[in-house]
Amino acid sequence: MTGTATLHRRPAKPPAGHGPPSPGRTPGEGRMAALLLSPTLLVLALVIAYPLISAIHQSLYRAQSGLDADGYVTEGEAFVGLANYADLLAGESGQRFLNAFGNTTFFTVTTVLLETILGLALALAMNRAFKGRSFLRASILVPWAVPTAVSGLLWRWIFQSDGIANSLLGSEILWTAEGTASKLAVIIAEVWKTAPFIGLLVLAGMQIIPGEVYEAAKIDGAGWWRQLGSITLPLVKPTLLVAVLFRMLDALRMFDLPFVLIGPGKESVETLSMLAWDESNQLRYGSASAFAVVLFLYVAAVAIVFVKVLGADVTGARQLGAKRKARAADTTEKTGATR
Amino acid sequence: MRQRRHTWQTILTTTALATAAAIGLTGCGGTGAGTKASASAAAFEGKGPINYVSSRDSSGAANKSIEEWNAAHPDEKVTFIELPDSADQQRQQLIQNAQIKSDTFSVLNLDVVWNSEFAANKWVLPLPADAVPTDKMIPATVDAATYRDNLVGAPYYTDGALFYFRQDLLTAAGIAAPPKTWDEMKDACTKILALPEAAGMSCYTGQFDKNEALTVNFSEAVASAGGTVVDADGKPTVDTPEAREGLSLLVDGFKEGLFPSDAITYLEEQGRRAFQDGKVVFLRNWPFLYSSLSATDGSSKVAGKFGVTSIPGVDGTGVSTLGGRNLAVSPFTPNKATALEFIKFFTSEEQAKKRLELSSRAPAYADLYEDPAVVAKRPFFPTLLESLQNAQPRPKVVQYGTTTKAIQEEAYAALTGEKDTDAALGAMQAKLEEITAK
């Protein structure tokens, strides 16, 4: 919890939030801080720690139900250790799990990749000065503002067998039946909805790039592609990485879009969240919790890898550190540009 | 430290499920120690205000019945608690309330397929034998409200399949009567589809998307071929020749082009559109379509051109599956006497007849279907009664959720050609045996 504590302290005293406590702090100050933070910690413990621990605890149990002579359910919960987890690797439930795991990963990789490309293109388009720019920016936000379940319904309508997608393509593709087409339908709808998110975040990153950098590049004779590769992309990289990370964490939990667009229980688009939902719907809370815990670990692992390997700067810690260093060295103010 | 920020986000993703799990935990801890109550001796005591928990009734007919009750019983007022439209969510809320033994829900409106699950878990009380006039009700509706010889619900409304056909095309092809069997239907289609006005049409459609509707269509096909999905003793019987013949009707329908090629994506609504736009000659669907198909405002191309009859079978008329709802009393409500009295009042023939003024939901009472005043308003009622007299409930099993899932899974694989009919039925039998063995 100390990590959370420092996180929450940071906005008030930014430089003191990292590394060992600054030498000037008295013991009384620390006690005061703990006291002031305790309500927050209590709320966090209630809404985060308790459900998480409860889910892990639940995943070690299994309902043992049977019928007695009169046809009534005899029910009890038995401690089964890691059996719920072992089931994820073998037998029929194992197959379903692996399929859902594969789908989740597949959707995450494909949608985030396409969204990033499309989002970058959108940001580049919006970053130019032209007439009607603010109108374009506002209109690009529309898909993001539509609730996912509603956009699922809209796309379901588009993709139904006599819908507009088939009549435009002149095809007879059964988008909502099991098969590759349904995967494609989910990817299209998801990219349509979330590319604007990446686009807008990246746009914000692009707008803080000073114009002089581009002017200098122009004088040096750099073309549009060279400017993109050597100035724009490196400078928006921190923003882009954070945007991509958020999208990945979101995509790994994908539930409502395939659920509404294609329907529950279709193997082609079943994700881990849908599987956990289905299990809890069948009152098998033990295995549902096991699915949820595995999903949680998977998402956490992806996040760790992303931060460690690609160095996504989520909390802004590096920028702060760099600023401090820069101030200490008393050099230029443009720390972002020198990196 | 930075890591914690991410997990922070992801913890939220699991929170909802974890909460559900926590609720489950509290619920299950208590039921383990439950005493074995004798089935029929449940005492209905306690009077006072109660809550009636139900799906929405957009016709307002249910509200009218409740208002009438409240006017006559000022000290035992009934409050209508509305549940979400999705049946899955209704079931989930009802179960969660039962698991925490909440006394908020007094009278429950249950789908007929949940009957066994709720009864076996003691989430509803067995009703006294004389609670409802079962002898005046359609037998299948009473059967669907019974668990192991105990009546556990009072039939509220019911539903059965209708076979919609294009009368104009039958006449044009010189066919005197609508088909009664699949073979007759195929013959009729051969003649009709040769007509110039039927160019591009398909013969028949039901609902074949992977959904509860597929369980309905599969059960009907099997029953129409003389088989059962689960027999009277609760044993699965889908490895029989009859079940095979039933599923083959549907599989061959796709193979031979009898059904539209996109029928695998059809639910009730898509089927309605296909029939209404003149794409299919025959349609299996529920009665609620009747009014939109006969709309004369130009939205329906088939208004005045179609008729209804019972669904076709193999050797004769087919067997419809049964839909509908029952009312049941929660064991956790303190005012059980009021709840029972209210159910008696609400499901009485008098109230059922009054509700027919506003709602087209089919009542459980057989003689209302022959009432001239009712038939004048709802001309399909006599046909529906025939269908209901013959109807079979869907598999009556405690674990209905997993059962219907297994049926959908395997039937869908057979229809799409992913598995052959025998392999699909073999796998279905194995899955159902595993479910019912528990």
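Cut-offs used in this document
- Residues numbered from 1 in each chain as written.
- Chains lettered and ligands numbered in written order.
- Predicted model: local features only at pLDDT ≥ 70, side-chain atom pairs only at ≥ 80, totals over all residues.
- Heavy atoms only, no water.
- Helix = DSSP H or I, 4+ residues; strand = E, 2+ residues; numbered from the N terminus.
- Buried < 20%, exposed > 50% of the residue type's maximum accessible area, 1.4 Å probe, protein only.
- Contact = heavy atoms within 4.5 Å.
- Areas by Shrake-Rupley, 256 points an atom, 1.4 Å probe, with all protein chains shown as cover.
- Salt bridge = Lys/Arg side-chain N within 4 Å of Asp/Glu carboxyl O.
- Pairing = 2+ DSSP bridges.
- Axes fitted to C-alpha atoms, helices over the stretch in contact; angles between N-to-C directions.
- Expected span 1.5 Å × (residues − 1).
- Bend = angle between axes of the 7 residues up to and from the residue.
- Parallel < 35°, antiparallel > 145°, perpendicular 65-115°, else oblique.
- Left-handed = near helix turned anticlockwise from the far one by under 90°.
- Nonpolar A, V, L, I, M, F, W, Y, C, P; charged D, E, K, R; others polar.
- Core = buried A, V, L, I, M, F, W, Y, C linked by side-chain atoms within 4.5 Å.
- Phe/Tyr/Trp six-rings, centres within 6.5 Å; stacked < 30°, edge-to-face > 60°.
- Patch = residues over 30% accessible without salt bridge, like charges linked within 9 Å, V, L, I, M, F, W, Y side chains within 5 Å.
- pLDDT = per-residue confidence, 0-100.
- Polar contact = N/O pair within 3.5 Å; in protein donor to acceptor, adjacent residues only side chain to side chain.

**Some words on the overall build of chain B**
Within chain B one finds 17 helices and twelve strands. Counting only residues that meet the buried cut, chain B has 59% of its 438 residues in that class. Sequence separation of at least 24 residues holds for 73% of the intrachain contacts in chain B that already meet a minimum separation of 6. Element-wise, carbon and sulfur atoms account for 50% of the exposed surface of chain B, whose accessible area totals about 17300 Å².

**Notes on the overall build of chain A**
Broken down by element type, chain A carries 16 helices and two strands. Counting every position in chain A, which comprises 339 residues, the buried fraction comes to 44%. In chain A, once contacts between residues fewer than 6 apart in sequence are set aside, the share between residues at least 24 apart is 65%.

**Things to note about unusual backbone geometry**
Glycine aside, the phi torsion of most residues is negative, and most peptide linkages are trans. Non-glycine residue A:Leu283 carries a positive phi angle of around 65°. With respect to the helices, strands and loops of the structure, A:Leu283 is situated in the loop between helix H13 (272–281) and helix H14 (285–310). A positive phi angle, near 70°, is found at B:Asp149, a position not held by glycine. Within the element layout of this structure, B:Asp149 appears in the loop between strand S4 (146–147) and strand S5 (150–151).

**Some thoughts on the pattern of salt bridges**
Applying the stated criterion across every chain, the model contains 35 salt bridges over all chains. With a closest N to O distance of 4.0 Å, A:Glu279 and A:Arg96 form a salt bridge. With a gap of 183 residues between them, A:Glu279 in helix H13 and A:Arg96 in helix H4 (residues 91–127) connect regions that are remote in the sequence. Under the relative-accessibility criterion, A:Glu279 is labelled buried at 7%. One salt-bridge network, in which partners are shared between bridges, spans A:Arg96, A:Glu270, A:Asp278, A:Glu279, A:Arg284 and B:Lys405.

**Thoughts on the sheet that holds strand S10 (residues 306–309) of chain B**
Residues and elements named next belong to chain B. Read from one edge to the other, the open sheet built from four strands follows the order S8-S9-S7-S10, with strand pairing classed as mixed. Since the sheet does not close on itself, it has two edges, and those belong to strand S8 (202–205) and S10, each with one partner. Between one strand axis and the next, the sheet turns by 15° as a mean value, whatever way the strands run. Pairing analysis gives four bridges linking strand S7 (residues 162–166) to strand S9 (residues 280–285), with the strands arranged antiparallel.

**So, the sheet that holds strand S1 (residues 50–54) of chain B**
Residues and elements named next belong to chain B. What the six strands build is an open sheet, ordered S2-S1-S3-S11-S6-S12; its pairing is mixed. Both outer strands of the open sheet, strand S2 (78–82) and strand S12 (362–363), are each paired with one neighbouring strand and no more. Pairing analysis gives five bridges linking S1 to S2, with the strands arranged parallel. Looking at the pairing, Ser 54 lines up with Glu 82 of S2. Strand contacts of helix H2 (residues 61–72): S1, S2 and strand S6 (154–159), with the helix running at about 155° to S2, the strand carrying the most contacts.

**Focus on helix H11 (residues 224–252) of chain A**
With 29 residues, H11(A) should reach 42 Å at 1.5 Å per residue; the first-to-last C-alpha distance of 35 Å falls well below that figure. Where H11(A) bends most, at A:Lys237, the angle is about 55°, and the proline A:Pro238 comes one to four residues later.

**Examining the packing of helix H7 (residues 148–159) of chain A against helix H9 (residues 180–207) of chain A**
All names here are of chain A. Two numbers describe how H7 lies on H9: the axes approach to 10 Å, and their chain directions differ by 130°. By the criterion of interaxial angle, the relationship of H7 to H9 is oblique. Where H7 crosses over H9, the handedness of that crossing is right-handed. Only Ala 185, Ile 188, Ala 189, Trp 192 and Lys 193 of H9 make contact with H7, whose side of the interface consists of Thr 148, Ser 151, Trp 155 and Phe 159. Partitioning the contact of H7 with H9 into residue classes produces six nonpolar, two polar and one charged.

**Some words on the nonpolar core**
Residues B:Tyr52, B:Tyr164, B:Phe208, B:Phe218, B:Phe282 and B:Phe342 are the most contacted members of the largest nonpolar core, which totals 135 residues. The element best represented in this core is helix H16 (residues 400–415) of chain B, accounting for seven residues. Ignoring sequence-local partners within four residues, the contact set of B:Phe282 consists of B:Phe163, B:Tyr164, B:Phe165, B:Leu170, B:Pro179, B:Met185, B:Ala188, B:Cys189, B:Cys203, B:Tyr204 and B:Thr205. Counting 42 residues, the second-largest nonpolar core is a separate cluster that includes A:Leu88, A:Val112, A:Met126 and A:Leu240.

**Some points on the packing of aromatic side chains**
The geometry of an aromatic ring pair comes down to the distance between the two centres and the angle between the two planes. Using the criterion set out here, one finds 38 aromatic pairs over all chains in the structure. With a centroid separation of 5.9 Å and 55° between ring planes, the pair formed by A:Phe106 and A:Phe107 is classed as tilted. Residue A:Phe106 is classed as partly exposed on the basis of its relative accessible area of 35%. A relative accessible area of 0% means that A:Phe107 is categorised as buried. Judged by centre distance (5.5 Å) and plane angle (45°), the rings of B:Tyr52 and B:Phe346 are tilted.

**Some words on a nonpolar patch on the surface**
Residues and elements named next belong to chain A. A cluster of nonpolar side chains, namely Met 32, Leu 35 and Leu 36, defines an oily patch on the protein surface of about 340 Å² accessible area. Mapped onto the elements, Met 32 comes out in helix H2 (residues 27–58). Note on Met 32: relative accessible area 46%, which makes it partly exposed.

**Thoughts on the confidence of the model for chain B**
Confidence in the prediction for chain B averages 88 pLDDT; 90% of positions are at 70 or higher. Here residues 1–41 of chain B scores under 50 on pLDDT; set against residues more than four positions off or in separate chains, the count is 71 contacts.

**Here we look at the side chain of A:Thr176**
On the secondary structure map, A:Thr176 appears in the loop between helix H8 (164–169) and H9. By relative accessible area, A:Thr176 is classed as buried at 5%. The residues touching A:Thr176, leaving out its near neighbours within four places in the chain, are A:Phe159, A:Leu261, A:Ile262, A:Lys266 and B:Thr265.

**Quick look at the pairing of S6(B)**
All names here are of chain B. With five of six residues buried, S6 lies mostly within the body of the structure. Note that S6 and strand S11 (residues 323–329) share five bridges and pair antiparallel. Counterpart to Thr 158 in the pairing with S11 is Gly 324. Pairing of S6 with S12 involves two bridges; the strand directions are antiparallel. Residue pairing for S12: Tyr 157 is matched across the bridge by Pro 363.

**With respect to the packing of helix H8 (residues 212–224) of chain B against helix H9 (residues 241–255) of chain B**
The description of two helices packed together rests on the angle between their axes and the distance between the axes. Residue and element names in this part refer to chain B. Relative to each other, H8 and H9 sit at 125°, their axes nearing to 7 Å. It follows that H8 is oblique to H9 by the angle criterion. Along this stretch, H8 crosses H9, giving a crossing that reads as right-handed. Residues Asn 217, Phe 218, Ala 221 and Val 222 of H8 touch H9, and the partners they reach there are Glu 242, Ala 243, Gly 246, Leu 247, Leu 249 and Leu 250. For the contact of H8 with H9, a count of residues per class yields seven nonpolar, two polar and one charged.

**Here's the deal with the environment of B:Ile343**
Note that B:Ile343 resides in helix H12 (residues 336–346). Those residues within four positions of B:Ile343 in sequence are excluded, and the remaining contacts are B:Val107, B:Ala154, B:Leu327, B:Ala328 and B:Val329.

**Section: the side chain of A:Asn84**
All names here are of chain A. One can find Asn 84 in helix H3 (residues 83–86). What makes Asn 84 buried here is its relative accessible area of 2%. A polar contact is formed between the side chain of Asn 84 and the backbone oxygen of Ser 59, at a distance of 2.9 Å. In terms of polar contacts, Asn 84 uses its side chain to reach the backbone carbonyl oxygen of Tyr 61, at 2.9 Å. For Asn 84, the contacting residues outside a window of four places in its chain are Ser 59, Leu 60, Tyr 61, Arg 62, Gly 286, Ser 287 and Ala 290.

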